[in-house]
Amino acid sequence: MINQKLPKIWYGGDYNPEQWDREVWKEDERMFKLAGIDVATVNVFSWALTQPDEDTYDFSVLDETMDRLYKEGVYICLATSTGAHPAWMARKYPDVLRVDVQGRKRKFGGRHNSCPNSPSYRKFSVQIAAKLAERYKDHPGLLIWHVSNEYGGYCYCENCAAGFRTWLKERYGTLDALNKAWNTRFWGHTFYDWEEIVVPNELSEEWGGNRTNFQGISLDYRRFMSYSLLECYKLEQAELKKYTPDIPVTTNLMGFYPELDYFEWAKHMDIVSWDNYPSLNTPVSFTAMTHDLMRGLKSGDPFMLMEQTPSQQNWQPYNSLKRPGVMRLWSYQAVARGADTVMFFQLRRSIGACEKYHGAVIEHVGHEHTRVFRECAELGQELQSLGDKLLDARTQARVAIVYDWENRWALELSSGPTVALNYVDEVHKYYDALFKMNVEVDMVSVKEDFSKYDIVIAPVLYMVKPGFAKRAEQFVSAGGTFVTTFFSGIVNENDLVTTGGYPGELRSLLGIWAEEIDALFPDQKNEIVMKQDWNGLSGTYECGVLCDLIHSEGAEVLAEYGQDFYQGMPVLTRNRFGAGKAYYVASSPDEAFMESFLANLCEEKGIKGLLPERAPEGVETARRVKAGKEYLFLLNHNAEAAEVIIGDNPRQDLLAHSSVSGSVTVPGRGVVILES
Amino acid sequence: MINQKLPKIWYGGDYNPEQWDREVWKEDERMFKLAGIDVATVNVFSWALTQPDEDTYDFSVLDETMDRLYKEGVYICLATSTGAHPAWMARKYPDVLRVDVQGRKRKFGGRHNSCPNSPSYRKFSVQIAAKLAERYKDHPGLLIWHVSNEYGGYCYCENCAAGFRTWLKERYGTLDALNKAWNTRFWGHTFYDWEEIVVPNELSEEWGGNRTNFQGISLDYRRFMSYSLLECYKLEQAELKKYTPDIPVTTNLMGFYPELDYFEWAKHMDIVSWDNYPSLNTPVSFTAMTHDLMRGLKSGDPFMLMEQTPSQQNWQPYNSLKRPGVMRLWSYQAVARGADTVMFFQLRRSIGACEKYHGAVIEHVGHEHTRVFRECAELGQELQSLGDKLLDARTQARVAIVYDWENRWALELSSGPTVALNYVDEVHKYYDALFKMNVEVDMVSVKEDFSKYDIVIAPVLYMVKPGFAKRAEQFVSAGGTFVTTFFSGIVNENDLVTTGGYPGELRSLLGIWAEEIDALFPDQKNEIVMKQDWNGLSGTYECGVLCDLIHSEGAEVLAEYGQDFYQGMPVLTRNRFGAGKAYYVASSPDEAFMESFLANLCEEKGIKGLLPERAPEGVETARRVKAGKEYLFLLNHNAEAAEVIIGDNPRQDLLAHSSVSGSVTVPGRGVVILES
Amino acid sequence: MINQKLPKIWYGGDYNPEQWDREVWKEDERMFKLAGIDVATVNVFSWALTQPDEDTYDFSVLDETMDRLYKEGVYICLATSTGAHPAWMARKYPDVLRVDVQGRKRKFGGRHNSCPNSPSYRKFSVQIAAKLAERYKDHPGLLIWHVSNEYGGYCYCENCAAGFRTWLKERYGTLDALNKAWNTRFWGHTFYDWEEIVVPNELSEEWGGNRTNFQGISLDYRRFMSYSLLECYKLEQAELKKYTPDIPVTTNLMGFYPELDYFEWAKHMDIVSWDNYPSLNTPVSFTAMTHDLMRGLKSGDPFMLMEQTPSQQNWQPYNSLKRPGVMRLWSYQAVARGADTVMFFQLRRSIGACEKYHGAVIEHVGHEHTRVFRECAELGQELQSLGDKLLDARTQARVAIVYDWENRWALELSSGPTVALNYVDEVHKYYDALFKMNVEVDMVSVKEDFSKYDIVIAPVLYMVKPGFAKRAEQFVSAGGTFVTTFFSGIVNENDLVTTGGYPGELRSLLGIWAEEIDALFPDQKNEIVMKQDWNGLSGTYECGVLCDLIHSEGAEVLAEYGQDFYQGMPVLTRNRFGAGKAYYVASSPDEAFMESFLANLCEEKGIKGLLPERAPEGVETARRVKAGKEYLFLLNHNAEAAEVIIGDNPRQDLLAHSSVSGSVTVPGRGVVILES
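Keep in mind it's a predicted model, so treat the numbers as computed, not measured.

Some thoughts on the overall build of chain A
Stage number 1. The secondary structure content of chain A amounts to 17 helices and 27 strands.
Stage number 2. In summary, chain A has a C-alpha radius of gyration of 26 Å against a globular reference of 26 Å for 676 residues, a match within 12%.
Stage number 3. Here the C-alpha coordinates of chain A stretch approximately 75 × 75 × 40 Å along the principal axes.
Stage number 4. Evaluated residue by residue, chain A yields a buried proportion of 68% over its 676 residues.
Stage number 5. Across chain A, every contact between residues at least 6 apart in sequence was considered, and the portion connecting residues at least 24 apart equals 72%.
Stage number 6. Charged side chains of chain A number 70 positive and 93 negative; the gap between the two group centres comes to 3 Å.

Right, dumping it as structure tokens:
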């Protein structure tokens, strides 16, 4: 449990009373009660308010807010406020300002704007964290620390350059090792002095966001920036722990956010929390996958849904309203997949600056007679009725999908063979097929213990880090099923190609050799032609993006290409390795293939979906397990009601407070939680 | 009358003899006569020529030009030449160079390139204006002053930053007031010292042209830049007035140009003038609306058409020729809507640099035997024959459409709810429907005296400035019809939301509450379903972009949404308020709705089109009135002739010199002016 | 012959052994033998390796490489390595770093990254060239010098600015002349001091790549940059010639690369060499045209194919594999059009940095059992069997197409009349029609001796340089056929319009006057209506982009416009001038017109295709002639075999070693070379 003080699914969100007059605060309290709000995240952007100059601290507003909220039964998620530095600091200590990827020194503005290697920023952020911890360490309302906010963005200033060189010395020891790792003899880039190394941005090696001349330096700079920002987090965290060793510390992550290696971050977080802002055209299964990834960051631990909007967003091109029921549905989706909190950005809508058209529990009209507020209040009631039943419940997946940020960086930085390859989308393809089959999945790091799983899928595992191949082999030897795809096993952790034949270190496990890799134009397709019927996987399927031209070196050929000059070469292979099997999917298949293929793998392993038969289209399933009980979630993303077969065992419908068996009707955009 | 010296519609344009040898000048004079040219705008870009260094002035070429032209019967529109600073000035006084929105200090180049807060630019521009005024104050050819050229573009240098701070102190008095107006507690941006404020550009708060983190500072910076450039104009103007208090002063505006608040500018201009460069795909009614806006800048005063091209432009992607007749047609369109001059850029085509493919009266071939010259010469004759008949004639519209630059800035800077909203296009939708009905319209500012009108339409009046709501209520109370739309009444002049329910200050006038605002994807539509037939406005129409979810608070519901979860909620309402009515159009309707809706409003008020029945498609109408006479313009934008019913009163066809009644045939791309 | 030491078509490519360990070198040698490699380009990017600091040179790796290769029968194309400066140099002498078009000082990174006017770069590049020449002047393996690499890119630093001013003084003598040439009185840009001139980039006159306010300065800056880079080449070349006067010197060009005037460059190159990287959607005839241009740079001299990829590229969006046979086919295409070498980038694929997915003879797998290696080895054998037969053979075209870089710059910099005009595409339209007719074409400069040809085609010859018109007139007077098109004869070498009527200096030769130039929207077309049947050229064709509205001044009107207000005006004219004819094509015609039109011109001159009848679609023809023998190439770009009629004369099939007549079957993607 995150904190024993509030033994239920926390319900609340960001709250910025400092933007409002006192009379409004009373209304807030009244409406929080109506809505069942029991947690408020405060102080997120109050640095300038609490520290008006270098030597002055003024916690009066925060004192009052915390006391007031606690008195009204609202606990506090207390932010350290270091997500945006004050204007006076930018003016007096310009080293806090970043230099951007174009090489431009920034001026004061925006948020998430501090150079992570700025001595001033580090000093002042640690100071304010310490002041807060010292002051509120014994406050009864304090539930959890929220360090900074949505860490992200890179800096390219001289302090970062110096820090980068230090980090590189640590990593490589010698310039010889570095020159080798970056292959600097290409284009005559050999470094003879550490000081010759400059940061890779548009003034040196990079352009267009993710294009680079030297993958090695650009990859390392992403590592270094993720590390530098994490250092800032850790410095504050250490300060907080000095005063409140038992209060958990988190910072809000952002799902598949590309710039930070969250697996590294999660190691230093007491609990993962994240902000869920799907676009209107984000597939439901993509959001589900993201929740599963957030759960996977700490190997299955529950997480916090720190932010979601009650209705509208403001930064998308077209910010549609969340349709009636959708906010509740998506809230339970989070809970179903491991969230122990349901929290919003924000509790009261601001009236000025760029987020004034972002939804809130209390809208600009200010009263409770709105659709949005009513839906929030109803959910608040419902969550109270659930008590602590679901808290700390776990998911028990037998299938794992591997996701890796460094692999993603390397893929995105790569020049060639195609711009059409989107790593996250390829991962999602596999996830989506399992999602539709109602099969539980864990999203795991390359370092996860695979022995917990029957099936491990590592789509486009371009980069194979030290030890991975051996662990994959051990997993398969022991009976596991391993799946990987085209363009895998190509490089090591420095993005240097493993010579001797693709897929490099995975070659003997897979029993194949990929001689060439063809890139298809977006309108071009090839075919997967099954050599024989495999449980309904038969005939011809489409594939595209990349086509590895592979030769079997022992693997069984299950399907061949149907077109082009490599017609007849293998496109799907299975290699028996010890007691297990390793599959290679040499191109990016269509949905029909994916579903049948994964269904067969699950069947081989006796893995079943959560329901006796597949749920109707648009109905999502998930399960959490705790103390011998299992909680089955049925989430109907359709506008219309759906009939779901649940089997003959009687189960308790937690929200309807009734017993059901056989089948259950889930209303349009409705939720059913069945206990058994 | 602009200047008694030339009591007719002025005919001429920009003339740059300094780019040519003397022998060409003689040809110019000969051809000006052939073309009926009687005014030349000179000295527009001659600063470098007349002031070759800081201490030297050389007016010899200009002296000769003015004397020569006057002798040949050509009057002078004399520019102050400050639209582009000399190279020597850029080198010696780099403060005249701008810093751009990306934060880059410019070097010498381009035009309209001076920092408006540069002390050097202000000093030198005032000096040259004074020199010119002193020298030519008694020149008999001098008709009017043309200050600088097409003011525009913003600067972000340190002089501007300092000026901005001064302007802010003036506007807000205290930092507290400023912090409140900008809502700086959002994202912890509180300022404790004026010096902490930096200009909002890509290095601080803005990106992508119109995106900003803080609407408050960005909005104020637009105000400040408009003000700063206007200050430059006013400084020169003051100097000119010292020497020639009776010579009118203008500068050439650019229609709906986004960067300057022309309503503020017009206050300081003796006459409005503007440059009309429609694209080939600009709707005719859009150009008409722009002329009406230019007329509206000074509440109906005639204006100058300062520039148009005789044929081709050069800076559009595809620069088609003006088809035969089009130059004349568009010239009369300007006159019909209030222009008392018809002037070109330019009289002789330059042979080098970026405008050499811009059309001119005298083309590169240099002689009069071109289609373009012939058309110019014919129009010159015709304008001479019109004499002073139309000069100073007025338009008498009973419908006003409100347009406001600050509202536009605030809308464009807003983050959410949609990128699809284009303020000017929404305004044009209303204008276009009235245009097709041959109903006269004034384009007016939010500060205009509404009592002159029967109907006032304020599309998307997002920002309601102090006093506006009260004046709108007075207007309706007294019997007026007021129309506004979705996303209106949201913010005050600082872009701070008016809490308590949209449409804020307009809520009681309109008798509705807008609870939510849905943003539709571009391919998404909703429906306007009329509750009953209203004079042919019946059945179902399409709407889109944004849909306000409104509740009636007294207003009569005329139509409801036909789709989505807010089906059945009001989309068109009418609120009786005192003796008048206030309409709310809660979404952006299709053309069919717009025409019937506005026809009904006009009918309620007894407002009729200019003709007994609607003019054939493509035939534009307009009317000017003077000394008891009315001049009806029929402008046929079709390639084919059109028969127009004009009613039984006999009228004088001014161009054909005949009397007509019943109907009149307007040739393809032809013009008829009927006096009665 | 390029170098007597290797009297055959050279076969090899770029080789970077310094990126590999010694054990790999042995494998290289073994595989080079298998592949028939006899030339290796080395040292291209080894500057940092051979000169680790300012005072140290270390040639040990290069010594070993050269000795080793020579011992194994591989000759050396020795690069001077100045295509990328070392990191230490960038740090110690930052003047070697460029300032980019946005005005940003670069840091160390990339390649082709040195400022061409940097004193340090010039000093160090000349030094390293001298060191190399001195050291290897007597090395028996040394075949040719390869200076730097793919020169290109512009710099805008203060050293370049100073150099530009010096170059301008040289070109114009006085500021008066310069002001006149740039027409600086436009927009008041008159310069009174040379120091006032700044470089034209995004901080001054340019934006968006090719847009400029002042064509004059921008055009001159392109000339100056081409000159500056050429100066760097010449400085190194001079050094090399001191030590090895008899070793040829080249640098690798890039076909239609826009930034350098290769006609100027070729004057200083002993042999032209170039890198051929067509996109997958580059038309075959475009590649053919590019080869012909490279041959035309030195008036028909054979050239080197310095680089091509054995299979994949890496920098295109979708990097498809070269299909089986395509590498051989394209290699022979180069030879057919004048190449005396077939060389690859590169011999062994690198494992790190941005070109690791670029194909190579030896792939990452490292052995010879790959499709790509097999194809390379087979070609190696074949080329050996051809011996010196084709070396130094020439092409004998009777048709020339004029191409001019300065004309291209002026067209691209021009503001108006259309953005749709692509000079190279217009040139290619004419080339393509002749290509399909199997007619040989020379691509020539505006300064070429036209008397060698029967037909000279100069599409869109916008800029007419001094002397050209006279030479064109002499050519036609003497019986030649001259063709030019719309938007020709407009400006002089300074982009100043020739007044008095388009097409300016070409007007009397063409016997027409172009009064206006209409620009069509992309979806707009006009028609070419033939006045009478001319050998099958009859009826109506489409045209677009631009339409000159012309009047005949003596020329015969062959076709008229079919639409719009200029319907009936001439669109195709023929002017008899002396003994010849000058044609004017007043718009951009469709393919059908182009083929019939050019067929007629060829027929008038008795010019025939290379075959008795037109080759099947997709079959390319070319011919080289040497010592009374002719070599006819048949290149089948189709996937399927094609039957080609070759006539009754028996010919020797060089690759099949058989005698053929009548017709010959060319396999899909196959090549036949017929000797007769």
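Once the structure has been displayed, the description carries forward.
What to know about the packing of aromatic side chains
Stage number 1. Summed over all chains, the structure comprises 138 aromatic pairs over all chains.
Stage number 2. Ring plane angle 55° and centroid distance 5.0 Å describe the contact between Tyr151(C) and Trp265(C), whose orientation is recorded as tilted. Placement of the pair is Tyr151(C) in the loop between strand 4 (142-146) and helix 6 (158-172) and Trp265(C) in helix 9 (residues 262-266), with a sequence separation of 114 residues.
Stage number 3. Judged by its relative accessible area of 0%, Trp265(C) falls in the buried class.
Stage number 4. Look at Tyr541(C) and Phe593(C): their rings are 5.5 Å apart centre to centre, the planes differ by 75°, and that puts the pair in the edge-to-face class. Residue Tyr541(C) is located in strand 18 (residues 540-552), and its partner Phe593(C) is located in helix 17 (residues 591-605); the two are separated by 52 residues in the primary sequence. As far as the burial class goes, Tyr541(C) and Phe593(C) line up, both buried.
Stage number 5. Here a set of aromatic residues connected by ring pairs shows up, and it is made of Phe108(A), Tyr156(B), Phe164(B), Trp167(B), Tyr172(B), Trp182(B), Phe191(B), Tyr221(B), Phe224(B) and Tyr227(B).
Stage number 6. The ring of Tyr93(B) carries Lys123(B) above its face, with NZ or CZ at 5.7 Å from the centroid.

Section: the relation of the copies chain B and chain A
Stage number 1. For the pair chain B and chain A, the relating rotation is 120°, the translation along its axis is 0.0 Å, and the fit reaches an RMSD of 0.0 Å. These values place the two chain copies in the arrangement generated by a three-fold rotation axis. Closest approach to the rotation axis among the C-alpha atoms of chain B is made by Arg104(B), whose C-alpha sits 5.4 Å away.
Stage number 2. In this assembly the copies use different faces: only 2% of the residues contributing to the interface of chain B also contribute to that of chain A.

Comments concerning the UniProt feature "binding site: Zn(2+)" (unreviewed entry) in chain A
All names here are of chain A.
Stage number 1. Here, the residues flagged by UniProt with the feature "binding site: Zn(2+)" (unreviewed entry) are Cys115, Cys155, Cys157 and Cys160. A compact arrangement is adopted by the annotated residues: their sequence extent is 46 residues, whereas the largest C-alpha distance between any two is 7.9 Å.
Stage number 2. With respect to the helices and strands, the residue Cys155 is situated in the loop between strand 4 (142-146) and helix 6 (158-172).
Stage number 3. Note on Cys155: relative accessible area 0%, which makes it buried.
Stage number 4. You can see Cys160 is positioned in helix 6.
Stage number 5. The residues touching Cys160, leaving out its near neighbours within four places in the chain, are Cys115, Pro116, Asn117, Cys155, Tyr221, Phe224 and Met225.

Looking at the nonpolar core
Stage number 1. One finds Phe487(A), Phe597(A), Phe487(B), Phe597(B), Phe487(C) and Phe597(C) to be the most contacted residues of the largest nonpolar core, which totals 668 residues.
Stage number 2. When near neighbours in sequence (up to four residues on either side) are disregarded, Phe597(A) contacts Val483(A), Trp534(A), Leu537(A), Leu572(A), Tyr583(A) and Val585(A).

Comments concerning the interface of chain B and chain A
Stage number 1. Each partner contributes to the interface: chain B provides 55 residues, whereas chain A provides 51 residues.
Stage number 2. Here chain B meets chain A over a buried area of about 4700 Å², counting both sides, of which 56% is carbon and sulfur.
Stage number 3. When the area that chain B buries against chain A is broken down by residue, the three leading residues are Arg185(B), Trp187(B) and Leu203(B), summing to 16%.
Stage number 4. Counting across the chain B and chain A interface gives eight salt bridges.
Stage number 5. Of the charged contacts, one joins Glu516(B) and Arg371(A) as a salt bridge, the two residues approaching to 2.8 Å between their closest N and O atoms.
Stage number 6. On inspection of chain B and its partner chain A, the count reaches 30 residue pairs in polar contact (both at pLDDT 80 or more).
Stage number 7. Looking at which element gives the most residues to the side of chain B that touches chain A, the answer is strand 16 (residues 512-519) of chain B, with six residues.
Stage number 8. When its residues are assigned to classes, the side of chain B that touches chain A shows 26 nonpolar, 16 polar and 13 charged.

Some points on the pairing of strand 20 (residues 570-577) of chain C
If a strand is regular, its side chains alternate between the two faces of the sheet.
Residue and element names in this part refer to chain C.
Stage number 1. Judged by how many residues are buried, strand 20 sits mostly within the fold: seven of eight residues are covered.
Stage number 2. Here strand 19 (residues 556-561) pairs with strand 20 via four bridges, running antiparallel. Residue pairing in the sheet places Glu560 in a bridge with Pro570 of strand 20.
Stage number 3. Alignment of strand 20 against strand 21 (residues 580-585), held across six bridges, turns out to be antiparallel. By the bridge assignment, Leu572 is partnered in strand 21 with Val585.
Stage number 4. The hairpin formed by strand 20 and strand 21 contains two residues between the paired strands, and Gly578 there has a positive phi angle of roughly 60°.

A few points about the interface of chain B and chain C
Interface extent is often summarised as the accessible area lost during association of the parts.
Stage number 1. Counting residues at the interface gives 51 residues for chain B, matched by 55 residues for chain C.
Stage number 2. In total, chain B and chain C occlude about 4700 Å² of area from one another, counting both sides; carbon and sulfur atoms represent 56% of this.
Stage number 3. At the junction of chain B and chain C, the tally comes to eight salt bridges.
Stage number 4. Here Glu202(C) makes a salt bridge to Arg104(B), at a shortest N to O gap of 3.2 Å.
Stage number 5. For the pair chain B and chain C, the number of links is 29 residue pairs in polar contact (both at pLDDT 80 or more).
Stage number 6. A per-element tally of the side of chain B that touches chain C places helix 4 (residues 87-92) of chain B first, with three residues.
Stage number 7. Considered class by class, the residues forming the side of chain B that touches chain C number 22 nonpolar, 16 polar and 13 charged.

Cut-offs applied
Residues numbered from 1 in each chain as written. Chains lettered and ligands numbered in written order. Predicted model: local features only at pLDDT ≥ 70, side-chain atom pairs only at ≥ 80, totals over all residues. Heavy atoms only, no water. Helix = DSSP H or I, 4+ residues; strand = E, 2+ residues; numbered from the N terminus. Rg over C-alpha atoms; globule rule 2.2 N^0.38 Å. Buried < 20%, exposed > 50% of the residue type's maximum accessible area, 1.4 Å probe, protein only. Contact = heavy atoms within 4.5 Å. Lys, Arg positive; Asp, Glu negative; His and termini not counted. Charge placed at Lys NZ, Arg CZ, Asp CG, Glu CD. Phe/Tyr/Trp six-rings, centres within 6.5 Å; stacked < 30°, edge-to-face > 60°. Lys NZ or Arg CZ within 6 Å of the ring centre and 35° of its normal. Least-squares fit on C-alpha atoms with pLDDT ≥ 70 in both. UniProt positions renumbered as here; feature names shortened; annotations may be inferred. Core = buried A, V, L, I, M, F, W, Y, C linked by side-chain atoms within 4.5 Å. Buried area = accessible area lost by both parts, 1.4 Å probe. Salt bridge = Lys/Arg side-chain N within 4 Å of Asp/Glu carboxyl O. Polar contact = N/O pair within 3.5 Å; in protein donor to acceptor, adjacent residues only side chain to side chain. Nonpolar A, V, L, I, M, F, W, Y, C, P; charged D, E, K, R; others polar. Pairing = 2+ DSSP bridges.

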